[in-house]
There are 2 protein chains.
Amino acid sequence: MLEKRTPITVEDAVDRVMEFATSGKTEFVDIEKAFGRFLGEDLIADHDVPFFNRSPYDGFAIRAEGTTGTTRENPVVLEIVGEIGAGSVHEEEVGVFEAVRIMTGAQIPTGCDAVVMLELAEEFEENGKKFIRLKRSYKSGDNISFKGEDTKKGTVLAKKGTYINPGIAALLATFGYKDVPVSVKPTVGVIATGSELLEINEPLQPGKIRNSNTYMMLSQIERAGATPIYLGQFSDDLELCYGQVKESLDKVDILITTGGVSVGDFDYLPEIYKKLEATVLFNKIGMRPGSVTTVAELNGKLLFGLSGNPSACYVGFELFTRPVIRTFLQSVNPHLRKETAVLGSDFPKPNPFTRFVRGALSYEDGQLVAIPSGLDKSGVVSSLATADVFIMLPGGTRGFERGMKVDVLLLDDQQGRSRI
Amino acid sequence: MLEKRTPITVEDAVDRVMEFATSGKTEFVDIEKAFGRFLGEDLIADHDVPFFNRSPYDGFAIRAEGTTGTTRENPVVLEIVGEIGAGSVHEEEVGVFEAVRIMTGAQIPTGCDAVVMLELAEEFEENGKKFIRLKRSYKSGDNISFKGEDTKKGTVLAKKGTYINPGIAALLATFGYKDVPVSVKPTVGVIATGSELLEINEPLQPGKIRNSNTYMMLSQIERAGATPIYLGQFSDDLELCYGQVKESLDKVDILITTGGVSVGDFDYLPEIYKKLEATVLFNKIGMRPGSVTTVAELNGKLLFGLSGNPSACYVGFELFTRPVIRTFLQSVNPHLRKETAVLGSDFPKPNPFTRFVRGALSYEDGQLVAIPSGLDKSGVVSSLATADVFIMLPGGTRGFERGMKVDVLLLDDQQGRSRI
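What you see is a predicted model, and the numbers here were worked out from it, not measured in a lab.

Colleague: Help me get a handle on the overall build of chain A, residues and values and all.
Modeller: When its secondary structure is counted, chain A shows six helices and 24 strands. A globule of 420 residues ought to have a C-alpha radius of gyration of about 22 Å, yet chain A, at 31 Å, is considerably larger. Considered along the principal axes of its C-alpha atoms, chain A spans approximately 105 × 50 × 40 Å. Considering chain A as a whole, with its 420 residues, one finds that 58% of them fall into the buried category.

Here is the structure:
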């Protein structure tokens, strides 16, 4: 009773899924809660930066013309007529042979057009008045940060869908975003299937393993930027199980199941898709691991049927579910970032299909090197711990040697890529 | 009234700070909350993986001896005497010319020592009995995942202080860590100083700027793995301000102030350190930006006096505060990861001191390229948005050219480095 399945390419599979990927909504959160979220609108400068001509140093604001011809041998003396801290403003116009003590960031007083750094001004007092002596000349504009020189009002500083890092947080504050527009996180439900699964606090039994895929995936969902919900383990009973999936669909934006998608007799997820009248987008992909990854769609909602094998599950999530999550978060670069690396060790096993080998990325004198983690056998869980990259090995009849250039997909990156 | 300050090297400054860095405690959180935390204990395998000999494929468990001499021309027929789903166990010993239908991950039945992949077995029925026909021979051990072949009981799979990523989460689940030992997050308080500062929801005024450093730092603190607390803006009154710092110290593990550390007349943080009887570890570093970064210690608690200049503040945090936070999180690699990159554009300005230029990292055919962000002028905030690396330019009398190899410190990395 084997069902006949026709494999499609990874690119085709991603395209079919992305047809149903939809952009989510925008909500507002306090800026103190914005780190790690994704911008729900373009971040726009609401004013010039700097907002006024300002001093980049502690020192003295002067009029450059007063220093014309000044040298070490022929110094000039300027009278200190005021002092302004950052945040205060000097109201009177400053004369040609006058100077105003100014702090870093303070507004340049009217009339002044240059700043003398504190350490280059020799201060002295005479007859109760304060002066500075200068031993060089200044040009108009010396040591002044001009209005708008950093950023002009109206500039788009970061696009909608950008990950909010500390630099973006600084920009949000600079432009008065006390409440930050961020993308609403999609809710992603996880259901584990497999009668071999023990909950993690159960003691081990012959033939059984603890349910590790679920917790791996909850973390993957969070890393992708969504809110994970563990919906529990499926029933062994088809009818009951169908009801559980149907009910779960109302609670989430995206539903993931692990296991139950093989062609074996005991895997009944295909039956459930049929009963739900969901459209199966594909159920076989020309890739390893994860060839039985199945994705279905029901009323615009996506159901990811990932393999029960840990590495296949991991790969299936990152290739197919992550871009749907990132699109919901309004990112225009929802896919994993792709770069080139040198293969760090031999991978002699050829495969007719594209293989995604988990690996660890390192650098040798600035050159990316990707080392396949462990043996990459099915079920090898320990090698997942240090995996921060998928090494893409194209299908073919020969293996791969250390030193060859290979494509890698970065797992811990926030920039992403517009296409697979 | 300029205070004389003697600059020390960045390395010396880091060493002085790290003398007072202390390891934090361990607490337990549910595994569903463990993503992004740091392990509070070594993660140890509590059993062999696999825990029993198991099948890596759907197929048939057999005794290899029954297939001796089998070829395409000379096939062998085995009787199917049972079937086991994943999680169930076949109790009876299997005979030489018998086979048991087995699912991926299921335990190999007693007597069997090889697995035939489903697609290589031709199934048929005769006289109400089920059989498979095989056209090749098998060796003992073919297609079997052996007990412990992945991981032996007792193996340390990840060290204390490791960042919990999806792979680590899978391991935690596999080894029954329903409650996960994680490092307690340090509480890091931020106080902004500077009478030029407006709160972010205030309208702009001449001479003033919005307080962006605080929100940048709250994000940096969170990225480093700690809990940020914004304690508000300082008073302009020295006495009042002293009281605020003193009170704040009781609420946090680490205290950061921004601004107020220059040598100018209006910066009174040095006065406050004196009144607190805190030991100033240094107040001048041979680096740009951030040369006035000051760190003090009081009863084992560190007070970071970061510059009010945004880039200096950013750099000061990552070089000095981050490793203290990561040490609290029990990481043995608390410092920023250092790699080599090619400089992506000219940086003509020489500097007598080491310069940390914020930059954006990219890859060209697998080679790290670091491009300085913007002009890197003091106060340029927009270039911070895309910064994911510090480019370290050593002090000297000449500038740097595109294509030169430079050291870079990675800002978004979780592996870190044992020393600066």
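Colleague: Account for the sheet that holds strand E16 (residues 279–282) of chain B, with residues named and values stated.
Modeller: Residues and elements named next belong to chain B. Strand order across the open sheet formed by six strands is E14-E11-E15-E19-E18-E16, with mixed pairing between neighbours. For this open sheet the edge positions go to strand E14 (227–233) and E16, each flanked by a neighbour on one side alone. Across the sheet, the mean angle from the axis of one strand to that of its neighbour is 25 degrees, orientation sign disregarded. By the bridge criterion, three bridges tie E16 to strand E18 (residues 294–298) in an arrangement that is antiparallel. Counted as the bridge partner of Phe 282 is Val 295 from E18. Sheet contacts for helix H1 (residues 10–18): E16, E18 and strand E19 (301–306); angle to E16, the most-contacted strand, approximately 145 degrees.

Colleague: How would you summarise the pairing of strand E7 (residues 122–126) of chain B if you had to cite specific residues and measurements?
Modeller: Residue and element names in this part refer to chain B. In terms of strand pairing, E7 meets strand E8 (residues 129–134) through five bridges, oriented antiparallel. Considered in E8, the bridge of Glu 125 is made with Lys 130. Hairpin connection from E7 to E8: two residues lie between these consecutive antiparallel strands, with Asn 127 at a positive phi of about 50 degrees.

Colleague: Could you give me a rundown of the relation of the copies chain B and chain A, with the residues and numbers involved?
Modeller: Under the fitted operation, chain B is carried onto chain A by 0.0 Å of movement along the axis and a turn of 180 degrees, and the coordinates agree to an RMSD of 0.1 Å. Here the symmetry operator amounts to a two-fold rotation axis. No C-alpha of chain B lies nearer the rotation axis than that of B:Gln367, which sits 2.3 Å from it. Mapped onto chain A, 100% of the interface residues of chain B again fall at the interface, so both copies present the same surface.

Colleague: Quick one: what's the story with helix H6 (residues 310–328) of chain A, residue by residue and with numbers?
Modeller: All names here are of chain A. If you check H6, its first and last C-alpha atoms are 25 Å apart, about what 19 residues at 1.5 Å a residue would give, namely 27 Å. By the largest-angle criterion, Thr 321 marks the main kink of H6, which is about 40 degrees, and a proline, Pro 323, follows within four residues. Burial of H6 is extensive: 19 of the 19 residues sit out of reach of the surface. Of the residues that open H6, the one with a side-chain oxygen 2.9 Å from the backbone nitrogen of Ser 311 is Asn 309. A positive phi of about 70 degrees marks Gln 330, the residue just after H6.

Colleague: Residues and numbers for a negative patch on the surface, please.
Modeller: A contiguous patch of negative charge on the surface is contributed by A:Glu11, A:Asp12, A:Asp15 and A:Glu19. On the secondary structure map, A:Asp15 appears in helix H1 (residues 10–18).

Colleague: Which residues make up the packing of aromatic side chains, and what values go with them?
Modeller: Overall, the coordinates contain 14 aromatic pairs over all chains when judged by the stated rule. Relative to A:Phe390, the ring of A:Phe356 has its centre 6.4 Å away and its plane inclined at 75 degrees; by these criteria the two rings are edge-to-face. Here A:Phe356 is found in strand E21 (residues 354–364), whereas its partner A:Phe390 is found in strand E23 (residues 389–393), with 34 residues between them in sequence. Here B:Phe124 and B:Phe131 contribute two aromatic rings whose centre-to-centre distance is 5.5 Å and whose plane-to-plane angle is 20 degrees, an arrangement assigned as stacked. For B:Phe124, a relative accessible area of 19% gives the class buried. What makes B:Phe131 buried here is its relative accessible area of 16%. Among the aromatic side chains, those forming a connected cluster through ring pairs are A:Phe35, A:Phe38 and A:Tyr163. Sitting above the plane of the B:Tyr138 ring, B:Arg136 keeps its charged end 4.0 Å from the centroid.

Colleague: Provide a residue-level description of the interface of chain B and chain A, including the pertinent values.
Modeller: Contact residues are listed per partner, giving 83 residues for chain B and 84 residues for chain A. Regarding the contact of chain B and chain A, the summed buried area is about 7,300 Å², with carbon and sulfur atoms giving 59% of it. One can count four salt bridges joining chain B with chain A. Across the pair A:Asp365 and B:Lys405 runs a salt bridge, and its minimum N-O distance is 2.9 Å. Between chain B and chain A we count twelve residue pairs in polar contact (both at pLDDT 80 or more) in total. Those elements that provide at least two residues to the side of chain B that touches chain A are helix H2 (166–174), strand E13 (209–210), helix H3 (213–224), strand E20 (337–343), strand E21 (354–364), strand E22 (367–372) and strand E24 (405–410) of chain B. Here the side of chain B that touches chain A takes eight residues from H2(B), the largest share from any one element.

Colleague: Go over the domain arrangement of chain A with me, naming the residues and quoting the values.
Modeller: The assigned domain composition of chain A is domain 1 (10–25 + 184–328), domain 2 (34–44 + 152–183), domain 3 (59–134) and domain 4 (337–409). Taking only C-alpha atoms, the centre of domain 2 of chain A and the centre of domain 3 of chain A are 38 Å apart.

Colleague: Got a sec to walk through H1(A)? Specific residues and values, please.
Modeller: All names here are of chain A. Residues of H1 that are buried include every one of Val 10, Ala 13, Val 14 and Val 17, and no others. The buried residues of H1 all sit within an arc of 100 degrees when viewed along its axis, so they share a single face. Those residues of H1 that are buried lie in contact with strand E16 (279–282), strand E17 (287–288), strand E18 (294–298), strand E19 (301–306), H6 and E21.

Colleague: Before we move on, could you go through the state of the cysteines and cite the residues and values that matter?
Modeller: All names here are of chain B. As enumerated under the stated definition, the model contains zero disulfides over all chains in all. Counting only cysteine sulfurs, Cys 313 is the nearest neighbor of Cys 241, a cysteine outside any disulfide, at a range of 16 Å. Residue Cys 241 is classed as buried on the basis of its relative accessible area, which comes to 0%.

Rules used throughout
- Residues numbered from 1 in each chain as written.
- Chains lettered and ligands numbered in written order.
- Predicted model: local features only at pLDDT ≥ 70, side-chain atom pairs only at ≥ 80, totals over all residues.
- Heavy atoms only, no water.
- Helix = DSSP H or I, 4+ residues; strand = E, 2+ residues; numbered from the N terminus.
- Rg over C-alpha atoms; globule rule 2.2 N^0.38 Å.
- Buried < 20%, exposed > 50% of the residue type's maximum accessible area, 1.4 Å probe, protein only.
- Pairing = 2+ DSSP bridges.
- Axes fitted to C-alpha atoms, helices over the stretch in contact; angles between N-to-C directions.
- Contact = heavy atoms within 4.5 Å.
- Least-squares fit on C-alpha atoms with pLDDT ≥ 70 in both.
- Expected span 1.5 Å × (residues − 1).
- Bend = angle between axes of the 7 residues up to and from the residue.
- Polar contact = N/O pair within 3.5 Å; in protein donor to acceptor, adjacent residues only side chain to side chain.
- Patch = residues over 30% accessible without salt bridge, like charges linked within 9 Å, V, L, I, M, F, W, Y side chains within 5 Å.
- Areas by Shrake-Rupley, 256 points an atom, 1.4 Å probe, with all protein chains shown as cover.
- Salt bridge = Lys/Arg side-chain N within 4 Å of Asp/Glu carboxyl O.
- Lys, Arg positive; Asp, Glu negative; His and termini not counted.
- Charge placed at Lys NZ, Arg CZ, Asp CG, Glu CD.
- Phe/Tyr/Trp six-rings, centres within 6.5 Å; stacked < 30°, edge-to-face > 60°.
- Lys NZ or Arg CZ within 6 Å of the ring centre and 35° of its normal.
- Buried area = accessible area lost by both parts, 1.4 Å probe.
- Domains from an automatic or database assignment.
- Arc of directions from axis to C-beta.
- Disulfide = S-S within 2.5 Å.

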